[in-house]
Amino acid sequence: MKSLVLENLSKTYFDPYRGTQFTAIKDVSLQVGEGDFVAVVGPSGCGKSTILNMIAGFVPISGGRILVDGHQVKGPGPDRGVVFQSHALFPWKTVAENVTFGPKMRGVGKAERARIADEYLALAGLSHAAERYPNELSGGMQQRVGVVRALANNPDVLLMDEPFASVDAQTRMTLQEELTRIWEERRPTVVFITHDVSEAVFLANRVVVLSKGHVLAEVAVPLARPRSWTRLVEDDGFKALSNQVLQLVRSA
Amino acid sequence: MIAPLQLLWGYYMRWTVRWPALAAFVPFLPLIALWSLIVSLGVFPRAFLPGPLDVLSKGWALLYKGILTDYLADSLARLAVGAAAGMAIAIPLGVFIGLNRRAYEISWPILLFFQAIGDIAWLPILLVWFGFGLTTMTFVIVYTVLFPVVLNTVLGIRTVKPELRRAAQSLGASRTRILFEVMLPGALPNIITGLRNGLGYGWRALIAAEIIVGTSGIGFLMFDARRAGSVEEIVVGMIVLGVLWYIVDSWLLAPIERATGQRWGLVTT
Ligand SMILES: Nc1ncnc2c1ncn2[C@@H]1O[C@H](COP(=O)(O)OP(=O)(O)OP(=O)(O)O)[C@@H](O)[C@H]1O
Ligand SMILES: [Mg+2]
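In what follows, the accompanying structure is described. Source: prediction; values computed, not measured.

### Quick word on the pattern of salt bridges
In step 1: Evaluation of the coordinates by the stated rule reveals 21 salt bridges over all chains.
In step 2: A salt bridge links glutamate 185 of chain A to arginine 181 of chain A; its shortest N-O distance comes to 3.8 Å. Of the two residues, glutamate 185 of chain A and arginine 181 of chain A are both situated in helix 6 (residues 169–186); the distance of 4 residues between them amounts to about one turn of the helix.
In step 3: In this structure, the salt-bridge partner of arginine 101 of chain B is glutamate 105 of chain B, at a minimum N-O distance of 3.0 Å. Note that arginine 101 of chain B and glutamate 105 of chain B are positioned in helix 6 (residues 101–116) at a spacing of 4 residues, about one turn of the helix.

### Quick notes on the sheet that holds strand 1 (residues 4–15) of chain A
Residues and elements named next belong to chain A.
In step 1: As summarised here, the arrangement of the 4 strands in space is 2-1-4-5, forming an open sheet in which the pairing is antiparallel. The strands lining the two open edges of the sheet, one partner per strand, are strand 2 (20–32) and strand 5 (71–72).
In step 2: As paired elements, strand 1 and strand 2 share 9 bridges and run antiparallel to each other. Opposite phenylalanine 14, over in strand 2, you have glutamine 21 as the bridge partner.
In step 3: Sheet strands touched by helix 1 (residues 48–56): strand 1, strand 2 and strand 4 (63–68). Its angle to strand 1, the strand with the most contacts, is close to 110°.

### Side note on the interface of chain A and chain B
In step 1: Contacts between the two partners involve 25 residues from chain A and, on the opposite side, 19 residues from chain B.
In step 2: Roughly 2,100 Å² is buried in total at the junction of chain A and chain B, and carbon and sulfur atoms are behind 64% of that figure.
In step 3: For the interface between chain A and chain B, the tally reads 2 salt bridges.
In step 4: A salt bridge links lysine 104 of chain A to glutamate 181 of chain B; its shortest N-O distance comes to 3.5 Å.

### Structural notes on unusual backbone geometry
Residue and element names in this part refer to chain A.
In step 1: The peptide bond linking arginine 225 to proline 226 adopts the cis configuration, its omega dihedral lying at -5°.
In step 2: Note that proline 226 resides in the loop between strand 10 (214–220) and helix 8 (229–232).
In step 3: The backbone of alanine 88 sits at a positive phi, close to 50°, despite the residue not being glycine.
In step 4: You can see alanine 88 is positioned in the loop between strand 6 (80–83) and helix 2 (95–99).
In step 5: Given a relative accessible area of 3%, alanine 88 falls into the buried group.
In step 6: For glutamate 162, which is not a glycine, the phi torsion comes out positive at approximately 45°.
In step 7: Mapped onto the elements, glutamate 162 comes out in the loop between strand 7 (157–161) and helix 6.
In step 8: Glutamate 162 gets classed as buried once you look at its relative accessible area, which sits at 12%.

Rules and cut-offs
Residues numbered from 1 in each chain as written. Chains lettered and ligands numbered in written order. Predicted model: local features only at pLDDT ≥ 70, side-chain atom pairs only at ≥ 80, totals over all residues. Heavy atoms only, no water. Salt bridge = Lys/Arg side-chain N within 4 Å of Asp/Glu carboxyl O. Helix = DSSP H or I, 4+ residues; strand = E, 2+ residues; numbered from the N terminus. Pairing = 2+ DSSP bridges. Contact = heavy atoms within 4.5 Å. Axes fitted to C-alpha atoms, helices over the stretch in contact; angles between N-to-C directions. Buried area = accessible area lost by both parts, 1.4 Å probe. Buried < 20%, exposed > 50% of the residue type's maximum accessible area, 1.4 Å probe, protein only.

Right under this line is the structure:
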């Protein structure tokens, strides 16, 4: 896993029907070190998805630079794994085939792919569902597959855009704890987008608060690991940090 | 009153699960009974409206002489050749148009225009160009199969979720791999729907073409029987058409649909 640098990033959308312009991102700079976990929060429409889509290479940038491991980003690539809110699993592939899609594209052989599927499905607690199709899974299971599908391809950076926003509160807490466990075990470099302040504080080493297309503040989260909801729910440090970030988001 | 009916329905459901062929046959029993009744009332002369048994014995005779099987084989071969050629052109063309925005903008009006000129509307000019022969018949079938498959393939490709394409790109898939691993499977349910429609229309167009152009085939059999004044033979032809389509659709096309789109949850039943 390698570092990610955003330098004076900006994005202006053109509306071809009205002939107008809209600057969604103005001059955002950010450094995410190797093995770091950064969460980006902010009110709806502040440009969180826009930043992530630019890093992923899905939308072209208007100004500035994006560097992954020192190389400038040009379009989507396997060095940046993406976890989508709408899981985006391939409906015609089994869970195991979804998880090993990246390795298959790299030309990894069948036997090795089977090993990768075993390893990552075990990591997600989904070994029993390997041969099922995505539409036969619950929403929480689909998101787990989405996460390990991205991880199994060994990206330099893992990009996640509100991956747990569409599951119920209980499942969301379980998924957050599992993601923390996986991160603590493997230390991937992660950029995690969310509008849920406690989710950001629970997961990240650092929370970036975005406001109208620029960085309002960065808040370090020095909470001890391993983290679990049972411990943090009553933790004063967690509460104080969550409050601090919440105030920032509301002022944004 | 309700209870015995429900009981009967329960039996029916159980038996049809055990012998699915029953489910295809039993619904026709009341129709056949009605037919017999009308014939036995003698409203129409027998030569105009033969009864089920007359038709059955005529069908048996035709089968016995080998005419029915020969003609059936001719019709099916024509449909198969025409449909295969139609698909071979339509699927790649549909994929290309579906992937390429400019090709889509340019070709869509043309596709709609030519789709509207129904298959048999081409027959007069085809007869002028190619005469009464196989070329004319093949053209009509290819033409008929082509448009539903192209239009549905375009639709299928264009409605593949953009996140799926993005996910594949982020997992390192090349453009070719994305085509085969994402776009084609994503469009498959639509392609199959197009095929189902195309074959249905193609089958009808073939019969029409055989009636006008044919020297063999089921359509020819029916039209020839008219000349000989054998209503039984005409009815045999009509029944064969229905049965054959039922077999192709429910034993070939529907299972493919179930094994793909429905299995993947892309279409809801
Ligand atoms: N394709 C686009 N064309 C024009 N404007 C866009 C486009 N995508 C986003 N925008 C605008 O850019 C701004 C930022 O959008 P973005 O989707 O990044 O917000 P977000 O922070 O992810 O919001 P949410 O929390 O609701 O997901 C919004 O004002 C939005 O209307
Ligand atoms: Mg968003």
